[in-house]
Amino acid sequence: AGESRPGVAATLRALNEALGRPAALWVKESGARNLRHRDFLAPRAALRAAFPGGQVPADVVAGMTSLGGPGVLPVRGCQETPAGLAVQVRRPEAFRCLLGPPAGQAAAAGAQRGWVVLHCPALRSPAALRPRHLRPLLLADHLAQLLRSQGVGVCLVPALAEEGNWEVLRQLRIDWPFSNGSLALPDTVSALKRALGRSPCAIACEPGLGTAVLPEDVICKVHLKSFVEQQGLVGYDPNLDVLLVTEGKLRSLAELQQAVLQCTVSNPAALPASRFPAAGSCCSIVHVVSCEEEFQQQQLDLLWRIVDPGAHTASQKHLVCGLVKVTNPSSPIGADQYFQLRKRQMYEASVMKYGELAQDEAWTEVIDTLTVAAIRFEMLSTAHRSQITLDLEDSSISTKGTKSGAFVMYNCARLATLFDTYERAVERGMYPPLPPAPELNYSCLREEGEWLLLFNYLLPFPEVLQQAAQLPTSTKGIRITANTETVCKFLIQLSMDFSSYYNRVHILGEPFPHLYDQMFARLQLLGAVRDMFHSALATLHLPPLSQI
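Residues numbered from 1 in each chain as written. Predicted model: local features only at pLDDT ≥ 70, side-chain atom pairs only at ≥ 80, totals over all residues. Heavy atoms only, no water.

- Under an unreviewed UniProt entry, the name given to the chain is DALD3 protein, and the organism recorded is Bucorvus abyssinicus.

Quick look at the structure:
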């Protein structure tokens, strides 16, 4: 059952409750050296603060071995050490719990857990996309996948026009909706204009009053600064003052308005007669913007609050991406040129590694996938608030080293090759088929790399996805921070630890029956690791590779 799958949070909660103190005293170990002796530790300093003299009563220590409950790892022993109170898990049992029949994704299978509108203004750029536009776009695409994995509905705005940037989005495997030319959009724009006419913040632009000549498409002026002060809003740029409202800005708001309506009705095709969402039918709205677009998006945010002072406009948040600095550009580079440059570098790196490649469809697909992986990891493995630097001449970050997307994809392909080799050997009668999971002997998994893969990756993986999908939309202010780098960092670290283990341990041994128990247990473990790779890569729209 989904509830019985062991988890880090449930185990830490049970350990803290067992000590009978309100403070969170326990930490999960992750380093290979410490994991040789313990799995969880209540550090000595924390114990001194919680117990007189730092001494935990002997009956409490003894009672740790009977710890239990839904999602709690089975405890083998608890003992006092110089470092603090150390707990070791019953490892064969933990392997059995986590490598048995899949528990399933309870969240995804359940009812929809709310809606989020992800708005990416970069797609409204009238010029061709540049690498700086790609960062918020790739981030929104990844965030949408993470939210969906947690059972949250996602609406992406703005929809793409038929022409424009769709080709570079297709190359990067960005799954973005196309515009269906909604007939309701002009009506929504008209409704917004009427609301603007009633607003005390808006001033009509009357010609011939000695004012500067304004662009033809300006409808009116809006005093943003006085609105911010009246409403007591915090977090906005102090330089916001008067905004010239254009037809284009109202069209942008109309698209957002329609997205909110789609999120707040059970049948998106049956929109209510009103062009404004009903009170109480609220979803979260997150503007995913580059730091260069932030000022303009704050203007749009305030304009929306002025024309439609509802719960949904009050819930707007801004997820801001740091600067994308491009070094060594001979001239400004477009997103499509950036993709082609990284693709050429990936091809050259692959020729260096594997020799001249066959010019067939399969290898073209491999190079394309490696290029997308390189770009996504380059853009997403850094915290979204931080600046990133793209060195166009130095391809090593993209094509080599343990921190690249190519390295992650390579290790995923090694797993595919392992299982392909095993299945072919089974067909030839060299090995018997893998027995059912409950029949396997997990006490054979004694290599430290095996526990590392289970304890640091398979165990916390569902919680890693939950953490990466968290949007703190209830916080004060308009800026929010998300852990959008979490999955890339998780995959990089997993690839390093898997690679170290795989280089050290021979999985498919000699076909002797007395060696089968260990081989079967290892294959079951690595099958779960492979599935985890696939699930994590799916949040980045990266298909697993069967060869490199």
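## Focus: the overall build of the chain
- On a plain count of helices and strands, the chain comes out with 21 helices and 13 strands.
- Scored against the burial criterion, the 548 residues of the chain give a buried share of 49%.
- Residue pairs in contact within the chain that sit at least 24 positions apart in sequence constitute 76% of those at least 6 positions apart.
- A total accessible area of about 25200 Å² is found for the chain, and carbon and sulfur atoms account for 53% of it. (Helix = DSSP H or I, 4+ residues; strand = E, 2+ residues; numbered from the N terminus. Buried < 20%, exposed > 50% of the residue type's maximum accessible area, 1.4 Å probe, protein only. Contact = heavy atoms within 4.5 Å. Areas by Shrake-Rupley, 256 points an atom, 1.4 Å probe, with all protein chains shown as cover.)

## Overview of the packing of aromatic side chains
- All chains considered together, the criterion is met by 10 aromatic pairs.
- On the numbers, 5.5 Å between centres and 80° between planes, the contact of Phe-40 with Phe-455 is edge-to-face. With Phe-40 in strand E2 (residues 40-43) and Phe-455 in helix H18 (residues 448-458), this pair connects stretches of sequence that are 415 residues apart.
- Measuring from ring centre to ring centre gives 5.6 Å for Phe-95 and Trp-451, while their planes differ by 70°; the resulting arrangement is edge-to-face. (Phe/Tyr/Trp six-rings, centres within 6.5 Å; stacked < 30°, edge-to-face > 60°.)

## With respect to the pattern of salt bridges
- On inspection of all chains with the given rule, the structure shows 19 salt bridges.
- Arg-91 serves as the salt-bridge partner of Asp-39, at 2.6 Å between the closest nitrogen and oxygen. Of this pair, Asp-39 sits in the loop between helix H2 (32-35) and E2 while Arg-91 sits in helix H5 (residues 91-99), and the two are 52 residues apart along the sequence.
- One salt bridge connects Glu-247 with Lys-193, and the closest N-O pair in it is separated by 3.1 Å. Of this pair, Glu-247 sits in helix H11 (residues 247-263) while Lys-193 sits in helix H9 (residues 184-198), placing them 54 residues apart in sequence.
- The class for Lys-193 is partly exposed, based on a relative accessible area of 33%. (Salt bridge = Lys/Arg side-chain N within 4 Å of Asp/Glu carboxyl O.)

## Topic: the sheet that holds strand E1 (residues 27-28)
- Taken in spatial order, the four strands of this open sheet run E1-E2-E4-E3, and their pairing is antiparallel. What marks the edges here is a single partner per strand, and that holds for E1 and strand E3 (75-81).
- Note: E3 against strand E4 (residues 84-89), six bridges, orientation antiparallel. Bridging from a neighbouring strand, Glu-80 pairs with Leu-85 of E4. (Pairing = 2+ DSSP bridges.)

## Thoughts on the nonpolar core
- Counting residues in each nonpolar core, the largest one holds 135 residues, and the members touching the most others are Leu-19, Trp-26, Leu-118, Trp-176, Leu-491 and Leu-526.
- Ranked by residue count, the leading element in this core is helix H21 (residues 516-538), at 13 residues.
- What Leu-526 contacts, discounting residues up to four positions off in sequence, is Leu-415, Leu-418, Phe-419, Leu-453, Phe-498, Tyr-501 and Ile-507.
- One finds Val-189, Leu-256, Ile-306 and Ile-478 within the second-largest nonpolar core, a separate group that totals 34 residues. (Core = buried A, V, L, I, M, F, W, Y, C linked by side-chain atoms within 4.5 Å.)

## Overview of the packing of helix H17 (residues 405-427) against helix H20 (residues 486-504)
- The interhelical angle for the contact between H17 and H20, taken along N-to-C directions, is 45°, at an axis separation of 9 Å. Comparing their axes, H20 and H17 come out oblique. Of the two possible hands of crossing, H17 and H20 adopt the one that is left-handed. Contacts between H17 and H20 involve Phe-407, Val-408, Asn-411, Arg-414, Leu-415 and Leu-418 from the first element and Leu-491, Ile-492, Ser-495, Met-496, Phe-498, Ser-499, Tyr-502 and Asn-503 from the second. (Axes fitted to C-alpha atoms, helices over the stretch in contact; angles between N-to-C directions. Parallel < 35°, antiparallel > 145°, perpendicular 65-115°, else oblique. Left-handed = near helix turned anticlockwise from the far one by under 90°.)

## Remarks on the environment of Ser-386
- Tracing the backbone through its elements, the reader meets Ser-386 in the loop between helix H15 (361-380) and strand E13 (388-391).
- Given a relative accessible area of 32%, Ser-386 falls into the partly exposed group.
- Residues Ser-386 and Leu-323 lie 63 residues apart in sequence; the distance between their C-alpha atoms is 7.2 Å.
- Once residues within four sequence positions are removed from consideration, Ser-386 is found in contact with Arg-135, Gly-322 and Leu-323.

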